[in-house]
Amino acid sequence: MNNKFLAAIIEATPNAVYIKDEDGVYLMINEKGAQSVGKTVEDFLGKDDTEVFPPELAKKVMALDRSVFEGESFNGEERVDDYIVFLSHKFILEDEETNERVLVGISTDISELKKTEEELSEARIKADEANKHKSTFLQNMSHELRTPLNAIIGFSSILSGESGADDEMFKANFKEYAKLINSSGVHLLAIINDLLDLSKIEAGEQEFNENTVDVCYEVESCIQTLRAMAIQNDITIIEEFPEDDILIRGDEKILRQMVYNLLSNAVKYSYHDGEVTVRLRHRNSGGLDISIIDKGIGMSADDLHTAMIPFRRSSQVKDSEITGTGLGLPLVDAFIKLFQGHLEIQSERGIGTSATLHFPPERSIEE
């Protein structure tokens, strides 16, 4: 077989084939090899790697080639950059008559394979995380749903006479039992609504109405709704509102739910006889901030990161008697993005938490 046949075979192979002398100068490279790194054959012939590749890459390639010349054969991956990866086999050929030695390299472009491997690895990690979140979700939901359902079933059985309670007990506690059934039903409905809202957001189906919203009125309505919970926990809610009316463009229902979630968290996680401040203010650069500040148990940076993941709760509350599904903050974070705004939370364990809804200037309506 003559040299022309060998050259034709080398050019026809889908792999990069190249030969270097002991000084690292390219004696031969096929078209496929040059094209695989975006160059021509002429870019290589008579040159070493420092004249072809960036300094760091050239240094790495030449160090590897030197080790091959010193007797260490190589069969492994060579990464050109973040996107181009080769599986290379490098070995030495020696001319028996002249003792001249050359390095022969055969490299296969496995960039797409590596990309697929990385994507599969990422998908596997996400799947594992999803399974963990699912387990956490089922654990939380089994508790969160069972508690109000048990109350509804238990107290309704008393009212229906199925529990065997005497008439005197029935009459004395009728209103109280009815209130407990109602509050448990409201709690259960809130959990289901949170789940439905999260499902809609993840599916990109959350409705968002563009209306004129009276911010002070909506925030005040949330405060009044949670006033009883605050009084029960000896929490004082302090209002810091500007004198002028505040109007923004957006969905009043979603605004109300964001404020309600943040304010209920502030009340739940505050110490008894504490204070929660609800502050509305215009930013100098335009836009609106709604801040809810408490001096409660607070969170560390790791706890805050965990609390922003759906169905996850921070370490100091997940084993406590404080109820929660782990959906409040993730929902608020998703909802505020519908306003093109963002949620900022600053928190410190034992000191308290400040949660601020930042609305962009484009949402403000001038009277």
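Residues numbered from 1 in each chain as written. Predicted model: local features only at pLDDT ≥ 70, side-chain atom pairs only at ≥ 80, totals over all residues. Heavy atoms only, no water.

## Topic: the overall build of the chain
Stated formally: Secondary structure elements are taken from DSSP: a helix is a run of H or I of four residues or more, a strand is a run of E of two residues or more, and numbering for both begins at the N terminus. For every residue, the accessible area obtained with a 1.4 Å probe (protein chains only) is divided by the maximum for its type, and the residue is called buried under 20%, exposed over 50%, and partly exposed between those limits. Residues count as neighbours in contact if any of their non-hydrogen atoms are within 4.5 Å of one another. Only the protein chains shown count as cover for residues, with accessible areas throughout obtained via the Shrake-Rupley method and a probe of 1.4 Å.
Across its full length, the chain carries 10 helices and 12 strands. When burial is assessed residue by residue, the chain has 38% of its 367 residues classed as buried. A sequence separation of at least 24 residues applies to 59% of the contacts in the chain between residues at least 6 apart. By element, 52% of the accessible surface of the chain is carried by carbon and sulfur atoms, the whole surface being about 21600 Å².

## A closer look at the packing of aromatic side chains
To be explicit about the condition: Here is the rule: rings of Phe, Tyr and Trp (six-membered ring for Trp) pair when centre to centre is within 6.5 Å. Planes less than 30 degrees apart are stacked, more than 60 are edge-to-face, and the remainder are tilted.
Enumeration according to the criterion identifies 6 aromatic pairs in this entry. On the basis of an interplanar angle of 90 degrees and a centroid distance of 4.9 Å, the ring pair of Phe208 and Phe339 is categorised as edge-to-face. Residue Phe208 is located in the loop between α5 (167-202) and β6 (211-214), and its partner Phe339 is located in the loop between α10 (328-338) and β11 (342-348); the two are separated by 131 residues in the primary sequence. Overall, Phe208 belongs to the partly exposed group, its relative accessible area being 21%. Three or more aromatic residues joined by ring pairs form one cluster here, namely Tyr18, Tyr26, Phe44 and Phe53.

## Considerations on the pairing of strand β12 (residues 352-359)
As a reminder of what qualifies: A pair of strands is labelled paired if DSSP reports no fewer than 2 bridges between them.
Within β12, 8 of the 8 residues are buried, which leaves the element mostly enclosed by the surrounding structure. Burial of the side chains of β12 extends over both faces: Gly352, Ser354, Thr356 and His358 are buried on one face and Thr353, Ala355, Leu357 and Phe359 on the other. Of the strand pairs in this sheet, strand β10 (residues 288-294) and β12 are connected by 7 bridges, and their pairing is antiparallel. For Asp294, the partnering residue across the bridge sits in β12 and is Thr353. Between β11 and β12, which pair antiparallel in sequence order, lie 3 residues; one of them, Gly350, sits at a positive phi of approximately 80 degrees.

## Here's the deal with the packing of helix α7 (residues 252-268) against α10
Helix-helix packing: each pair is described by the crossing angle between the helix axes and the interaxial distance. Definition in use: Note on geometry: axes are C-alpha line fits, over the in-contact stretch for helices, and angles between N-to-C directions span 0 to 180 degrees. Rotating anticlockwise by less than a right angle from the far helix to the near helix defines a left-handed crossing, while the corresponding clockwise rotation defines a right-handed one. For this classification, Asp, Glu, Lys and Arg are treated as charged, while Ala, Val, Leu, Ile, Met, Phe, Trp, Tyr, Cys and Pro are nonpolar and the rest, including Gly, are polar.
Closest axis-to-axis distance for the α7/α10 pair is 9 Å, and the angle between their directions is 150 degrees. Crossing of α7 over α10 shows left-handed handedness. Two secondary-structure elements touch here, α7 through Ile254, Gln257, Met258, Asn261, Leu262 and Asn265 and α10 through Gly328, Leu329, Leu331, Val332, Phe335, Ile336 and Leu338. Here the residues of the contact of α7 with α10 are counted per class, giving 9 nonpolar, 4 polar and no charged.

## With respect to α7
We count it as follows: In this scheme, a helix's expected span is set at 1.5 Å multiplied by one less than its residue total. Polar contact criterion, stated in full: a pair of N or O atoms within 3.5 Å, where within protein one must be able to donate a hydrogen and the other to accept it, and residues adjacent in sequence count only if both atoms are side-chain atoms.
Across its 17 residues, α7 extends 24 Å between first and last C-alpha, which sits within 8% of the 24 Å expected from 1.5 Å per residue. Most of α7 sits out of view: 12 of its 17 residues are buried. Among all positions in α7, only Ile254, Leu255, Gln257, Met258, Val259, Asn261, Leu262, Leu263, Ser264, Asn265, Ala266 and Val267 are buried. Here α7 starts with a cap whose side-chain oxygen sits 3.0 Å from the backbone nitrogen of Lys253, and that cap is Asp251.

## Overview of the pairing of strand β4 (residues 85-94)
When strand β3 (residues 74-79) meets β4, the two strands line up antiparallel, connected through 6 bridges. Across the sheet, Gly76 pairs through a bridge with Ser88, a residue of β4. Remark: 5 residues form the turn of the hairpin made by β3 and β4, two consecutive strands paired antiparallel. As paired elements, β4 and strand β5 (residues 101-109) share 9 bridges and run antiparallel to each other. The partner of Ser88 across the bridge, within β5, is Ser107. Between β4 and β5, which pair antiparallel and follow one another directly, the connecting turn spans 6 residues, one of which, Asn99, has a positive phi of 65 degrees.

## Re the sheet that holds β4
Taken in spatial order, the 5 strands of this open sheet run β2-β1-β5-β4-β3, and their pairing is antiparallel. Two strands in the sheet have a free side with no partner beyond their single neighbour: β2 (26-29) and β3. In this sheet, adjacent strand axes meet at a mean angle of 25 degrees when their direction is disregarded. Together, β1 (16-20), β3, β4 and β5 form the strand contacts of helix α3 (residues 55-69), whose direction differs from that of β4 by roughly 40 degrees.

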